[in-house]
Structure formats: structure tokens, C-alpha cells
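# Overview (structure and organization)
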Amino acid sequence: MSTPSGKTVLITGANVGIGKDVARQLALQPEIGRVYLACRNQDRASTAKADLEAVTGRHIFDIILMDVADLGSVRAGLEAINGSLDALVMNAGVIGNKTLMELTADGVTKLFATNVLGHAVLLEGLLTQNRLGEVAVFAASEAARGIPKLGFKRPTFVSTSTDELATVIDGSYFAGRKFDRNLAFGQVKYIGALWMAHLGRQYADLRFITVSPGNTTGTQAADGAALPLRFAAKHIMPHLGISHKLEVGSKRLVDGVIDPTLSSGLFYASAANKLTGPLVDQADVLPDFANPSFQDHASEAIHRFITS
């Protein structure tokens, strides 16, 4: 799938924060010959492209306009990609607030559309067209297994059936329940990790890596969070050693692309009760992630909401 000048990578949400730094780090790898910056806004994407060219000294960046919350935009972006990709980094995402529980035209919450559904259409579109050569990396979060010290409850379900997981996707899970933005985010990333593991079982010749960047400073990830968490993320956590720098969190996703020792179908994140440090298989923390039935149910639930 590689071009004569090197491998081709596409990164969603690439104009700022972790996505932009992943683009920077990958461009410094000599084997990378083209980096697509998939972004919603042309002006911001153009600014990011210029910044990246200046800091890396390489002119290998191309812009793909794509709003992952809009499946029409995702499909248009997919068609705009010239040829095939060696790697896809699904970085775009939001933690969210109550407004992100509003439904899109596809009947899913904006939270789920942005973090998972748009990426599912993008990745599976590439797979259907045989346009992915090596690896797909999905940016997850320790919230998928719970972060008690930050007030993120562990996602738990009665049966983890397709029907039950679908209530997360369409927002009906919180009907009759008090809305919990942190739990909603963790549930979305939980389903995303299970979906990636499902794909890993279907395509033995490719790698599907789920990895959390960990608690990373210098991003906009906490912008939609409650004020106390936003304040703590910016001013307190770095001093307490429970967050790491932007380049460290970004490197976790870069390693998902370039490190062949990371195994397909696994979810890598910080160790139990940690938000930084070495990556470990999250199935050792929460066995749900290694459950084939749960993986299949997540994929089935997602596909209920994908229409042509």
C-alpha cells in the first residue's frame, strides 16, 4: 500500500492537541511519506499544515475536510483520499457535556458520533474497499475502565447485550437516570474498544490497536468537562504527577502505528488506578475487553445506526 516515497497515514482531529502532535511525530519518522490531516475547518487545518511544515521541515501534509460527527462528511472525506492508507489514527473525540447528548440525523448522540460512529464508517469503508494496508489506531481513554480518582465511574451493564449497548449510542441509557457526563464518555470509549477488538478478530492480516493517550496536558480534551475538572487538568494534575506532557501522550498513539509489539485487538492504557506510565493490556484491569461476545455485541450495536 505504500507509495514509492513512503507510507501514508491519515489522522482525524489533526489540527490541534494530540492529533497535531501525532502528525508531527510521525512526520519525523523517515518511513512516513504522506500525512493526511483530517479536520473539520479549512482555515484551522491550513494553519496546522503550515505549522507542521515549519517545525518538521517536511512538505508531506495534505488536508482532508472531514467532520467525523457527520457521516456524509466522513464518506466524502473517504472518497477524497488518494489511493490507500498504510495507517489510520482515529484521534478525533470529545469528552462532552449535556448538549452532546443531542441526537444527530443518524439517531445517535453527538458524543457517540464524534468518538466512534464516524470512525466506524471511515475505517470500515477503507476495509471494504481494501484501502488499508497495515494498522488502525483508535484513541481511547482510561475512562472506559473507570477513573475513580477523577470521578469517572466504571461502565457497567446488566448483560452487555447488543440492545443494552445500543442505549448508550442513542442516549436512552440515561432516560430515567441522572445524566453523568463522565460515565457517558467512558461508556462510549468502552464500546469503541470492544468494536476494535471485534475487527481484530475479523482481519488477521491487519493490526487494530486501541490505545489511550493517558491524562495529557496541552490539549482541549477537558474543555467540555465540569469547571473543577478543567481547572484541575490545567493547574493541579501536572504538579501531582498524574498527567504527562503532550508529546508523551501523543507518542502512545504514534507507538500504536509504528510499534509491532503492540498486539492487534488489545486495548492499551495506563495500569490500574494510574493515568500515566507504561501501557498495559486493559483486559488485565477489566476482563470485559477480552470477551468475544461483548466485542460482537458492540459491533452489532454500532451497525444498527449505520445507514447507506
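Residues numbered from 1 in each chain as written. Predicted model: local features only at pLDDT ≥ 70, side-chain atom pairs only at ≥ 80, totals over all residues. Heavy atoms only, no water.

This part takes up the nonpolar core. Leu123 and Tyr190 are the most contacted members of the largest nonpolar core, which has 62 residues in total. Looking at this core, the element that brings in the most residues is helix H4 (residues 110-128), giving 11 residues. When near neighbours in sequence (up to four residues on either side) are disregarded, Tyr190 contacts Ala144, Pro155, Phe157, Thr160, Leu165, Leu286, Asp288, Phe289 and Phe294. (Core = buried A, V, L, I, M, F, W, Y, C linked by side-chain atoms within 4.5 Å. Buried < 20%, exposed > 50% of the residue type's maximum accessible area, 1.4 Å probe, protein only. Helix = DSSP H or I, 4+ residues; strand = E, 2+ residues; numbered from the N terminus. Contact = heavy atoms within 4.5 Å.)

Turning our eyes to something else, we now look at helix H6 (residues 181-202). Compared with the 32 Å implied by 1.5 Å per residue over 22 residues, the 32 Å span of H6 between its first and last C-alpha is a close match. Burial of H6 is extensive: 19 of the 22 residues sit out of reach of the surface. (Expected span 1.5 Å × (residues − 1).)

Right, let's get into the environment of Val254. Secondary-structure assignment places Val254 in helix H8 (residues 246-258). Note on Val254: relative accessible area 2%, which makes it buried. Taking the C-alpha atoms as reference, Val254 lies 34 Å from Tyr173; in sequence the two are 81 residues apart. Not counting the four nearest positions on each side in its chain, Val254 is found in contact with Val22, Gln25 and Leu26.

Moving on: the pattern of salt bridges. Under the criterion given, the structure shown has 11 salt bridges. Note that Lys7 is salt-bridged to Glu134, the shortest N-O span being 3.1 Å. Here Glu134 lies in strand E5 (residues 132-139) and Lys7 lies in strand E1 (residues 7-12), a separation of 127 residues in the sequence. Of the residues examined, Lys7 reaches a relative accessible area of 26% and is grouped as partly exposed. With a relative accessible area of 31%, Glu134 lands in the partly exposed category. We note a salt bridge from Glu102 to Lys110, for which the minimum N-O separation is 3.3 Å. Overall, Glu102 belongs to the partly exposed group, its relative accessible area being 42%. Judged by its relative accessible area of 33%, Lys110 is partly exposed. (Salt bridge = Lys/Arg side-chain N within 4 Å of Asp/Glu carboxyl O.)

Moving on, we get to the pairing of strand E2 (residues 32-39). Burial analysis of E2 places 7 of its 8 residues in the buried class, the great majority of the element. Taken together, the 6 bridges between E1 and E2 define a ladder with parallel strand orientation. Residue pairing in the sheet places Lys7 in a bridge with Ile32 of E2. Handedness of the crossover joining E1 and E2 through helix H1 (residues 17-27) is recorded here as right-handed. Relative to strand E3 (residues 61-65), E2 runs parallel, the two sharing 5 bridges. The partner of Val35 across the bridge, within E3, is Phe61. In this fold, E2 hands off to helix H2 (residues 42-56), which returns the chain to E3; that crossover is right-handed. (Pairing = 2+ DSSP bridges. Right-handed = clockwise from strand over helix to strand, strands pointing away.)

The strands making up a sheet associate through hydrogen bonds between their backbones, and the pairing can be parallel or antiparallel. Strand order in the open sheet formed by 8 strands is E3-E2-E1-E4-E5-E6-E7-E8, and the pairing between neighbours is mixed. Lying at the two open borders of the sheet, with one neighbouring strand each, are E3 and strand E8 (279-281). Sheet twist, expressed as the average angle between the axes of neighbouring strands with direction ignored, equals 25°. (Axes fitted to C-alpha atoms, helices over the stretch in contact; angles between N-to-C directions.)

Attention now goes to the packing of aromatic side chains. The geometry of an aromatic ring pair is captured by the separation of the ring centres together with the interplanar angle, meaning the angle of the planes. What the rule picks out here adds up to 8 aromatic pairs. Seen from their ring centres, Tyr203 and Phe208 are 5.9 Å apart, and the 45° between their planes marks the pair as tilted. Using a relative accessible area of 29% as the deciding quantity, one classes Tyr203 as partly exposed. With centroids separated by 5.0 Å and ring planes inclined at 90°, the aromatic side chains of Phe267 and Phe289 adopt a geometry described as edge-to-face. A residue pair is termed long-range when its members are at least 10 positions apart, and Phe267 in strand E7 (residues 267-270) and Phe289 in the loop between E8 and helix H9 (292-303) qualify at 22 residues. Like Phe289, Phe267 is buried. Ring-pair connections join several aromatic residues into one group, and the members of that group are Phe157, Tyr173, Phe174, Phe179, Tyr190, Phe267 and Phe289. Taking NZ or CZ as reference, Arg177 lies 4.0 Å from the ring centre of Tyr173, over its face. (Phe/Tyr/Trp six-rings, centres within 6.5 Å; stacked < 30°, edge-to-face > 60°. Lys NZ or Arg CZ within 6 Å of the ring centre and 35° of its normal.)

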